[in-house]
Amino acid sequence: MLAESLEKCVDKDPIVNKLLRTLATQAMSVAQYFSTGSISRDQFFHYGLALDRYTHYTSPIRRYADIIVHRLLLAAIKVQSSSNLLSNRELEELSHHINNKHRASQHAQRSSQELFQTLYFKDKSPEDESCIVDAVIFQLRANGVVVVVPRYGIRKGPVYLRGKDGQVVYITEDGPEWTGGGISRQDHELTVTSVLGSQTYRLFDHITVRLSVQSSHAHAASLKFDLLSNRPHKIHLQDNKQDTRRTDTIQEMHDSAEELHVRPDPDDLGVDFRSLKSQYGQTADSMSFYNLLLSFRESALLDT
């Protein structure tokens, strides 16, 4: 299963682990609400959870879709009258409406994040320490790369390696220098070739960028990402060492706890314990649907 595969895919860099899970999540078909009477049964599946049939319902105070499911379930078990239930056509129209509103809320959330990120950097000097950050290459493009900035939770920021005038950026000991040259792109890397030499950028490489606000008369202000170095930012290197030590310490504590942990003998809990557990006890973790969903939650990123 996907969750098991992602569990085995572990890199020393925790940021890379999160990005791998993000890429896997983005490749999945987006779940949508629909009326079962409007499509064939083979389309009922949930791609992300690998289930043939799936619906969800939590407290009705959260989503209107949950209220609809509650009403259908109550009518199915004859606790509530089915005379006022919506028809298949009405349910299908309602499903489309809920899907559209859900997408709109996601767009609004992303736009709000971008707005407040821009406001944060609006009055800061480009030389401010908070504007020079570590970034991780997330995508490759014909004229540059797309990065994520873990420090501020910025998911996609374009870093241009070739300008509109055709010049490319080359990193020297004194910093970036724009000069004549070209860019060649492969599956997992991008190479900048100039009169000063060649430099290669690979997926998941750490680079250093400067954040600033770019104004526009036609559009809203946006963040600008300028390449400063093709190496990780020095603060990131320090944080990574601390994270590694912290991870090692937690693992040692976990291993010690496992060694000291002793499960009680079921026979010590009474002669009827085994039969009572088989009848009323919780489902074993290996068979628990909750455990399956939990594994997906832990391996997911957060942006759908």
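Everything below is about the structure shown above.
Residues numbered from 1 in each chain as written. Predicted model: local features only at pLDDT ≥ 70, side-chain atom pairs only at ≥ 80, totals over all residues. Heavy atoms only, no water.

Peer 1: Which parts of the structure should I look at to understand the nonpolar core?
Peer 2: Among soluble globular proteins, nonpolar side chains are generally buried collectively. Grouped together as the largest cluster of nonpolar side chains are 25 residues, with contacts concentrated most on Val147, Leu161, Tyr201, Ile207, Phe225 and Leu227. At the level of elements, strand 1 (132–141), strand 2 (144–149), strand 3 (154–160), strand 4 (168–172), strand 7 (189–194), strand 9 (206–214) and strand 10 (222–229) are the ones that each hand at least two residues to this core. Per element, the largest residue contribution to this core is four residues, and it comes from strand 1. Each residue touching Val147, except ones within four places of it in the same chain, is listed here: Ala135, Val136, Ile137, Phe138, Ile154, Arg155, Lys156, Gly157, Val159, Ile207 and Phe225. (Core = buried A, V, L, I, M, F, W, Y, C linked by side-chain atoms within 4.5 Å. Buried < 20%, exposed > 50% of the residue type's maximum accessible area, 1.4 Å probe, protein only. Helix = DSSP H or I, 4+ residues; strand = E, 2+ residues; numbered from the N terminus. Contact = heavy atoms within 4.5 Å.)

Peer 1: Any chance you could explain the sheet that holds strand 8 (residues 197–202) here in plain terms?
Peer 2: Two modes of strand pairing occur in sheets, parallel and antiparallel, and in both the strands are linked by backbone hydrogen bonds. Overall, antiparallel pairing links the three strands, which are arranged 6-7-8 in an open sheet. Every other strand in the sheet has two partners, leaving strand 6 (181–185) and strand 8 as the edge strands with one partner each. This sheet shows a mean twist of 15° between the axes of neighbouring strands, independent of strand direction. Note: strand 6 against strand 7, five bridges, orientation antiparallel. Of the residues in strand 7, the one forming a bridge with Gly181 is Ser194. (Pairing = 2+ DSSP bridges. Axes fitted to C-alpha atoms, helices over the stretch in contact; angles between N-to-C directions.)

Peer 1: What am I meant to see in the pairing of strand 8 here?
Peer 2: A regular strand places its side chains on the two faces of the sheet in alternate fashion. Bridging between strand 7 and strand 8 involves six bridges; their strand directions are antiparallel. Its bridge partner lying in strand 8, Ser194 is registered against Gly197. Taken together, strand 7 and the strand that follows it, strand 8, pair antiparallel across an intervening segment of two residues.

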